[in-house]
2 protein chains.
Amino acid sequence: MEKITSRDNARIKYACKLAASGAFRRSEGRFFAEGRKLCPELARAAQLETLFLTAAAAEKCPRLAALPGEHFLVEDHVAAKLAGVPAPQGVFGVFRTPAHTLEEVRPGGRYLALEGVQDPGNVGTLLRSAAAFGFDGVILSEGCAAPYAPKTLRASMGAAVQLPVIEAGAMPPVIGELRRKGIECLAAALYRSQPLGDAKAGPGGVCVVIGSEGQGLTEATIAACDRTVRIPMTDRVESLNAGIAGSILLWHFRGAGL
Amino acid sequence: MEKITSRDNARIKYACKLAASGAFRRSEGRFFAEGRKLCPELARAAQLETLFLTAAAAEKCPRLAALPGEHFLVEDHVAAKLAGVPAPQGVFGVFRTPAHTLEEVRPGGRYLALEGVQDPGNVGTLLRSAAAFGFDGVILSEGCAAPYAPKTLRASMGAAVQLPVIEAGAMPPVIGELRRKGIECLAAALYRSQPLGDAKAGPGGVCVVIGSEGQGLTEATIAACDRTVRIPMTDRVESLNAGIAGSILLWHFRGAGL
């Protein structure tokens, strides 16, 4: 295995730029991830191009050698440059970003749409719950945390590549497109809404639409949806965390057989 | 309002000790919290004894003056000693800890029991979900994150005082006591378990029992319960976050009328 001894190595600089910049990830069609469990998990569904390993990680996890792509041994000070967490595990990968578009959305499917959900932890958690509960894809509006940013990847634990993730622009026209395909779009909102326990998905498919942590959905997006649902709560709490509330909605509309 | 100018003031040292030590919180029957929203929220249901405010906070939130207890103005360098977060809001309180025991557990009620859930964020999240979904109390085994520790309070957003929280020792005898009251105890476990969608709570009350993030419930606790339930998932993810999984269980067994 070739060894990288310099922090200025071009491959290292490229990987760091992927980690730091969403625009660079988009223009290159690649993303960067770190983690002894996360990298193999991502490699199950996304093309691993480059794997960087410390000697300690290679010794501890001999099975990493079976992963595809070009492998490089990196010295600890080089790994420290790649690492974005306090206790790095010495395993880093550059992957091809799976490309998905709204055209793949199919009638009868189950979708999650997020509008302006800014926290990478919440976006990652919701990707993980959507994959767990048999959803067919996730649509992110502009203003959402980037699905392939390192923090989001950690929170999703690799789920981002386990189902199609579609990065779209503004949400209302997306809702219009889904409804034209016969998919019922349900806005999560507190007011003038149906309690979740009574809400049923129609046979044409369903899209659960969730807004930002602070403001919720925009009026335009709520107006574009078929109807609104809410999670009924006692008055002992003001709100639920966005990842929790969204996961409960996803569980309610889970795939057949779950 | 009396002003505290020294970091060595006895009241400040007392508050810091409450923030840092679970044993001290227990022996004093008091806890410490910080936050412009959290302190008034906690004061709705727990007795606020002492409120510390910076001049900036007092000016920004004049309504804090209406809170009960003794109020003290603290200089910024004193507030910095009290603060446990990067961007402190200059509002801190010492509260009486509500005291609850297993004797309060009543037949027909809805309870959450946590065994060895160590992450304060998960314990706080589950307290918040339990309050939201009409539960009558939460029982914590030894080894759980402390419910009145600053991090747990932040994650629960004050829910810790909105429903009885009972700190117990080992879980299996607690389960025995609940079952003697006719409460059905459901262990969350992956194996030999019923899918959640099919699980119904009996009329005698229900207790949802959730284990630690890594290991789940102990064998002894699973054996002590009436039966086990699981959240069915696709094979695209390995697991759900403990706060998410627990909140979905709580939603499923939510109070009547929600």
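Scroll up a little and you will see the structure.
As the structure is a computational prediction, the values presented were derived from the model and not from experiment.

A. Structural view of the overall build of chain A. In terms of helices and strands, chain A carries 10 helices and 12 strands. Taking 18 Å as the expected radius of gyration for a compact globule of 258 residues, we find that chain A reaches 20 Å, a close match to that expectation. Oriented by its inertia axes, the alpha-carbon framework of chain A measures out at about 60 × 40 × 35 Å. Of all 258 residues assigned to chain A, the portion counted as buried reaches 52%. Summarising the internal contacts of chain A: among those between residues at least 6 apart in sequence, 77% fall at separations of at least 24. Here chain A displays about 11,100 Å² of accessible surface, and carbon together with sulfur accounts for 51% of that area.

B. Inspection of the pairing of strand E6 (residues 110–114) of chain A at higher detail. Residue and element names in this part refer to chain A. Here E6 lies mainly inside the structure; four of its five residues are buried. Here five bridges tie E6 to strand E11 (residues 206–210), and the two strands are oriented parallel to one another. Its bridge partner lying in E11, leucine 114 is registered against isoleucine 210. As judged from the four bridges shared by E6 and strand E7 (residues 137–140), these two strands associate in the parallel manner.

C. Representation of the interface of chain B and chain A within the structure. On the chain A side, the residues contacting the 35 residues of chain B number 35 residues. Taken together, both faces of the contact between chain B and chain A bury some 2,700 Å²; the carbon and sulfur share is 61%. Of all residues in chain B, Arg128, Arg236 and Trp251 of chain B bury the most surface against chain A, accounting for 26% of the area lost on that side. Summed over the shared surface of chain B and chain A, the number is two salt bridges. In this structure, the salt-bridge partner of glutamate 238 of chain A is lysine 37 of chain B, at a minimum N-O distance of 3.1 Å. Taken together, chain B and chain A are joined by 14 residue pairs in polar contact (both at pLDDT 80 or more).

D. Just the relation of the copies chain B and chain A, in detail. Placing chain B over chain A gives an RMSD of 0.0 Å and needs a rotation angle of 180°, together with 0.0 Å of translation along the axis. In the structure described here, the two chain copies are related by an operation that fits a two-fold rotation axis.

E. Representation of helix H1 (residues 10–20) of chain A within the structure. Residue and element names in this part refer to chain A. When H1 is considered as a whole, its buried residues turn out to be Ile12, Ala15 and Leu18. Down the axis, H1 shows its buried residues gathered within 125° of arc, on one side only. With respect to the buried face of H1, the exposed residues turned more than 90 degrees away are Ala10 and Ala20. N-cap assignment for H1: the residue whose side-chain oxygen lies 2.7 Å from the backbone N of arginine 11 is asparagine 9.

F. Fine view of the environment of cysteine 144 of chain A. Residue and element names in this part refer to chain A. Structurally, the position occupied by cysteine 144 is in the loop between E7 and helix H7 (150–156). We classify cysteine 144 as buried; its relative accessible area is 15%. Each residue touching cysteine 144, except ones within four places of it in the same chain, is listed here: Leu114, Glu115, Gly116 and Val117.

G. Geometry of helix H8 (residues 171–180) of chain B. Residue and element names in this part refer to chain B. For H8, the full list of buried residues reads Met171, Val174, Ile175 and Leu178. The arc that holds every buried residue of H8, seen down its axis, measures 100°, which confines them to one face. More than 90 degrees from the buried face of H8, the exposed residues found are Pro173 and Arg180. Close packing links the buried residues of H8 with strand E6 (110–114), strand E7 (137–140), strand E9 (184–188), strand E11 (206–210) and helix H9 (219–224). The first or second residue beyond H8 is glycine 182, which carries a positive phi of 90°.

H. View of the environment of valine 74 of chain A. Residues and elements named next belong to chain A. In this structure, valine 74 sits in strand E4 (residues 70–74). A C-alpha to C-alpha distance of 7.3 Å links valine 74 and alanine 55, two positions 19 residues apart in sequence. Setting aside chain neighbours within four positions, we find valine 74 in contact with Ile4, Ile12, Phe52, Leu53, Thr54, Ala55 and Ala79.

I. Representation of the pattern of salt bridges. Counted according to the given criterion, the structure contains 22 salt bridges over all chains. A salt bridge links arginine 44 of chain B to glutamate 41 of chain B; its shortest N-O distance comes to 2.9 Å. When its relative accessible area of 54% is taken as the criterion, arginine 44 of chain B is described as exposed. In this structure, arginine 106 of chain B and aspartate 136 of chain B form a salt bridge, with 3.4 Å as the shortest nitrogen-oxygen distance. Here the residue arginine 106 of chain B occupies a position in the loop between strand E5 (91–96) and E6, and aspartate 136 of chain B occupies one in the loop between helix H6 (120–132) and E7, the gap between them amounting to 30 residues. The exposure class of aspartate 136 of chain B is partly exposed, given its relative accessible area of 27%. Each member of the salt-bridge network shares a partner with another, and the members are Glu28, Arg30, Glu49 and Arg96 of chain A.

J. The arrangement of the nonpolar core in detail. Among the nonpolar cores identified, the biggest contains 110 residues, and Leu112 of chain A together with Leu112 of chain B are the most heavily contacted of them. Contact partners of leucine 112 of chain A, with chain neighbours within four places excluded, come to Leu126, Ala130, Phe135, Gly137, Val138, Ile139, Cys207, Val208, Ile210 and Leu250 of chain A.

K. The arrangement of the side chain of arginine 25 of chain A in detail. The topology assignment puts arginine 25 of chain A in helix H2 (residues 22–28). With sequence-adjacent residues up to four places away left out, arginine 25 of chain A is seen in contact with Leu18, Ala19, Ala20, Arg30, Phe31, Ala146, Tyr148, Ala149 and Pro150 of chain A.

L. Here's a closer look at the packing of aromatic side chains. Residue and element names in this part refer to chain B. A complete count under the given rule lists 12 aromatic pairs over all chains for this structure. Taking 5.4 Å as the distance between ring centres and 70° as the angle between the ring planes, the aromatic pair formed by tyrosine 14 and phenylalanine 24 counts as edge-to-face. With tyrosine 14 in helix H1 (residues 10–20) and phenylalanine 24 in helix H2 (residues 22–28), this residue pair connects regions lying 10 residues apart in the sequence. A ring pair is formed by phenylalanine 31 and phenylalanine 95, whose centres lie 5.2 Å apart and whose planes are at 15°; its orientation type is stacked. Linking phenylalanine 31 in strand E2 (residues 30–34) with phenylalanine 95 in strand E5, this pair joins segments that are 64 residues apart in sequence. For phenylalanine 95, a relative accessible area of 0% corresponds to the buried category.

Conventions we followed
- Residues numbered from 1 in each chain as written.
- Chains lettered and ligands numbered in written order.
- Predicted model: local features only at pLDDT ≥ 70, side-chain atom pairs only at ≥ 80, totals over all residues.
- Heavy atoms only, no water.
- Helix = DSSP H or I, 4+ residues; strand = E, 2+ residues; numbered from the N terminus.
- Rg over C-alpha atoms; globule rule 2.2 N^0.38 Å.
- Buried < 20%, exposed > 50% of the residue type's maximum accessible area, 1.4 Å probe, protein only.
- Contact = heavy atoms within 4.5 Å.
- Areas by Shrake-Rupley, 256 points an atom, 1.4 Å probe, with all protein chains shown as cover.
- Pairing = 2+ DSSP bridges.
- Buried area = accessible area lost by both parts, 1.4 Å probe.
- Salt bridge = Lys/Arg side-chain N within 4 Å of Asp/Glu carboxyl O.
- Polar contact = N/O pair within 3.5 Å; in protein donor to acceptor, adjacent residues only side chain to side chain.
- Least-squares fit on C-alpha atoms with pLDDT ≥ 70 in both.
- Arc of directions from axis to C-beta.
- Core = buried A, V, L, I, M, F, W, Y, C linked by side-chain atoms within 4.5 Å.
- Phe/Tyr/Trp six-rings, centres within 6.5 Å; stacked < 30°, edge-to-face > 60°.

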